[in-house]
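# Chains, contacts and geometry: an overview
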Amino acid sequence: MDINGILDEVREASGQLALLDKEAVDGALYALADALTADMEGILKANEEDLRKMSPENPKYDRLKLIPERLEGIARGIREVAAMASPLGRVLEERTLPNGLHLRKVSVPFGVIGVIYEARPNVSLDVFALCFKSGNACVLKGGSDADASNRAIVALIHRVLEARGIPSKVVELLPPGREAATALLHAEGRVDLIIPRGSSALIEYVRKEATVPVIETGAGICHTYFDEAGDREKGQRIICNAKTRRVSVCNALDCLLVHAGRLEDLPFLCAPLQKSRVVIYADERAYKALEGHYPAEWLVPADARSFGTEFLDYKMAIRTTDTVEEALRHIAAFGSKHSECIVTEDKEVAAYFCRRVDAACVYVNAPTSFTDGGEFGLGAEIGISTQKLHARGPMGLNEITTYKWWIEGNGQVRE
């Protein structure tokens, strides 16, 4: 397959997006949401084809699986994106210089955005909706695990666009093999930005290989620190929700840090985890506190590999700390700058933790499971940035625009 030829077609089609008015863009998105709910049988059938090739025990299985309720939720997200204000043409800054030149800093699309992702077919729809609304064309590079699902989804998008007279090439799905990924990562002049979504291994590969600018997203090694002044009722709910709501997503809890002065509360804090059979890798002091109170078959002594691991499974590490400083040092050493949480009733300690911790999202008395574009009111997300340049945290419409300066003069020349 001529990958560069496909990318050239997407680049050409991207120029047509600037000619679409808001009504055309929003109308296409509403039509897509309606088509998704009306034609979900075909997508579910394709998804079943992918699911048959994966063991239900694989942590990726939950990410891969589509059910009617999830498709309905995706359709709601598309409608929310359609209803939002356009991120384009916003005047970010404006002033007139002493020489009379009038300057405006105006939001514009990137152009063509490439997204590389794994067994997450919902990403195909989320990415298209956000890119289309923000005036960007998109190139999707999914994994082989979700190829049938992705092809069915993109075929549906193409049908909706073509029925409304919009070039379908504003979104394209590349083959799932490594060759297509390599071509995309080196598509200077054809692709303006690459966003990887998936495992830390995928993100590391993209970061090292790409010659196109990259925004790193996805890898989430998330901690919750239960402080000496933590409320144990709040702590129990927060820990359980952060760990067990959906273990295969990047905002799931991986490591609980507990103040040594609250070890006696550890059995209470971890009690609900038994229902989900969460395996706990506990350091020596935490192990002793849990021994006899947590099922022995799910309680394991921690080792060097227990910390700094994104489990994406019903597994969690616990480390005991003597001070908030020690907790912060642990997070600095093992975190991925994604989402971190403190459970405390001490407002000074909470403020200190928030100032000191280096992460895109910092929570006080709320679980890291809220790190999500939809939960943040962004409609959907194209990813969760763990870097500091351009965008950080959940990336919605505004985060996938850039800007340019518009300068109006009246014949002025520079001396």
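Our subject in this report is the structure included herewith. (Residues numbered from 1 in each chain as written. Predicted model: local features only at pLDDT ≥ 70, side-chain atom pairs only at ≥ 80, totals over all residues. Heavy atoms only, no water.)

## Looking at unusual backbone geometry
You will see that R277, though not glycine, has its phi angle at about 55°, which is positive. In this fold, R277 is placed in the loop between helix 11 (266-270) and strand 9 (279-282). A positive phi angle, near 65°, is found at K337, a position not held by glycine. For K337, the position within the fold is in the loop between helix 13 (324-334) and strand 12 (339-343). Residue classification places K337 among the partly exposed positions, given a relative accessible area of 32%. (Helix = DSSP H or I, 4+ residues; strand = E, 2+ residues; numbered from the N terminus. Buried < 20%, exposed > 50% of the residue type's maximum accessible area, 1.4 Å probe, protein only.)

## Focus on the pairing of strand 3 (residues 112-117)
Residues in a regular strand point their side chains to alternate faces of the sheet. Within strand 3, six of the six residues are buried, which leaves it mostly tucked inside the rest of the structure. Because side chains alternate across strand 3, one face comprises the buried residues V112, G114 and I116, and the other comprises I113, V115 and Y117, equally buried. Relative to strand 4 (residues 137-141), strand 3 runs parallel, the two sharing five bridges. The residue bridging V112 from the neighbouring strand is A137, located in strand 4. Viewed along the sheet, the connection from strand 3 through helix 6 (residues 122-133) into strand 4 turns out right-handed. The pairing of strand 3 with strand 6 (residues 193-197) spans five bridges and is classified as parallel. (Pairing = 2+ DSSP bridges. Right-handed = clockwise from strand over helix to strand, strands pointing away.)

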